[in-house]
Amino acid sequence: TSAAAVAAGEPRLVFVKGAVDGLLALSSHVWAGGAAEPLDETARRRIAARNDTLAGDGLRVLGVAARVLDASVLPGTPEALERDLIFLGLIGMIDPPREEVRDAVATCTAAGIRTVMITGDHPLTARTIARELGIPDRGRALTGRELERMTDEELRGVVEEVSVYARVSPEHKYRIVEALQARGHVVAMTGDGVNDAPALKRADIGVAMGITGTDVSKEAAEMVLRDDNFATIVAAVEEGRVIYDNLRKFIKFSIAGNIGKILVALVGPIVGTPLPLLPLQLLWLNLLTDGLLGLGMGVERAERDVMRRRPQSPRDGIFAGGMAGQIAWTGALIGSAALVVGLWYWYAGDAAWQTMIFTTLAFAQVGQALAVRSTR
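The structure contained in this document is the topic of the report that follows. Worth saying up front: this structure is predicted, and the values here are computed from it rather than measured.

**Re helix H9 (residues 170-182)**
Next, step 1: Along its 13 residues, H9 runs 19 Å from first to last C-alpha, staying within 8% of the 18 Å computed at 1.5 Å per residue.
Next, step 2: For H9, every residue scored as buried is listed here: His-172, Lys-173, Arg-175, Ile-176, Val-177, Ala-179, Leu-180 and Gln-181.
Next, step 3: Positioned one or two residues after H9, Gly-184 has a phi angle of 90°, which is positive.

**Looking at the nonpolar core**
Next, step 1: The biggest cluster of nonpolar side chains holds 20 residues, and the ones touching the most others in it are Leu-142, Leu-147, Leu-155, Val-158, Val-159, Tyr-165 and Met-189.
Next, step 2: Listing elements by their share of this core, those giving two or more residues are helix H8 (152-158), H9 and helix H10 (197-202).
Next, step 3: Top element by residues in this core is H9. It accounts for four residues.
Next, step 4: Those residues in contact with Leu-155 that lie beyond four places of it in its chain are Leu-142, Leu-147, Met-150, Arg-175, Ile-176 and Ala-179.
Next, step 5: Residues Ala-43, Val-61, Leu-85 and Phe-87 belong to the second largest nonpolar core, which totals 17 residues.

**Some points on the sheet that holds strand S7 (residues 142-143)**
Next, step 1: Read from one edge of the open sheet, three strands run S6-S8-S7, paired in parallel fashion. A single partner strand is all that each edge strand has here, and the edge strands are strand S6 (117-118) and S7.
Next, step 2: Pairing of S6 with strand S8 (residues 164-166), which is carried by two bridges, proceeds in the parallel orientation. The residue bridging Met-117 from the neighbouring strand is Val-164, located in S8.
Next, step 3: Relative to the sheet, helix H6 (residues 123-133) contacts S6, S7 and S8, its axis offset from that of S8 by approximately 150°.

**Examining the pattern of salt bridges**
For side chains of opposite charge, pairing can occur when their charged atoms come near one another.
Next, step 1: Evaluated as defined, the whole model comprises 12 salt bridges.
Next, step 2: Close ionic contact of Arg-309 with Asp-245 constitutes a salt bridge, the shortest N to O distance being 2.8 Å. Linking Arg-309 in the loop between helix H13 (279-298) and helix H14 (323-347) with Asp-245 in helix H12 (residues 230-270), this pair joins segments that are 64 residues apart in sequence.
Next, step 3: Given the relative accessible area of 9%, Asp-245 is considered buried.
Next, step 4: Between Asp-305 and Arg-309 there is a salt bridge, with the nearest N and O atoms lying 3.3 Å from each other.
Next, step 5: Because the salt bridges share partners, they merge into one network encompassing Asp-245, Lys-249, Glu-303, Asp-305 and Arg-309.

Cut-offs used in this document
Residues numbered from 1 in each chain as written. Predicted model: local features only at pLDDT ≥ 70, side-chain atom pairs only at ≥ 80, totals over all residues. Heavy atoms only, no water. Helix = DSSP H or I, 4+ residues; strand = E, 2+ residues; numbered from the N terminus. Expected span 1.5 Å × (residues − 1). Buried < 20%, exposed > 50% of the residue type's maximum accessible area, 1.4 Å probe, protein only. Core = buried A, V, L, I, M, F, W, Y, C linked by side-chain atoms within 4.5 Å. Contact = heavy atoms within 4.5 Å. Pairing = 2+ DSSP bridges. Axes fitted to C-alpha atoms, helices over the stretch in contact; angles between N-to-C directions. Salt bridge = Lys/Arg side-chain N within 4 Å of Asp/Glu carboxyl O.

In structure tokens, the structure reads:
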């Protein structure tokens, strides 16, 4: 309405949109049959049922209401205007998830990563979308109102079971992250708004949106998605697992091989031979094995089951999973094989006994490099 129209005493029209249940609490009338009628209990139930039907179909539902103000009513605060409204109707909007998200969620599940959905949508909408994406809702969606009534201890008791949170404000995300961490989980959380920053900072891995995200959320996060795509997070998890695998493979290969060489160098003189390896031979072995073969392991491709394993605990050391034992027996095997071959030729009086030790160690480590490419 123009200033001139207001000055002339013409009425003004205020429109309000928002969650249907919130608007119903502020409305006193409903628009029906071309006129405003009192909003009785029957009309409230009819609107709520329609809202549930649309939400159950996976639509995001907005309610629209209005209020006519005569010229004597000052604009005042929003709270003063948003009362005695006439409920006009509902708008159902579809916001389908991307096609690749369902596959990404399934990959997460196979990899032992639990996906939790936190949204401001209606609980029925949230549960419908969760089912479409393959996120188990276990028959319930925890709402923001329920969260507010819960103590921190009560919330920690349900976070293991609840995977869908609806009608949740950004402030509630912090409590959800905190509760999951208290149960021993490593939490990655996505967000794009200024209010998401505390939860992004609290999470073990904060993930901000690069396109729609605010500068505050990007500063608080450890990871920024340039394409705002959930599937990119899964790709990053896979890349991280490959890097971790290759690091362990190189350590296993390098230490075991060096144990074998040390074993040869120590045991040979004990049994009465000269130095089993000449300095030049030892240098060449290190260049051949720890150099060329080790560099190849750093760029090894992902194994087939890399996203079908349980996550590695951050408390585990680099030698976890029995790797120390594997290194010890592999090194002992390599060293013993080289010593047996070398001593055989030594006692036979063959002058090439050192060459045989050198050759055995070289081929043993080539074979070890091929074997260590796979953890299986």
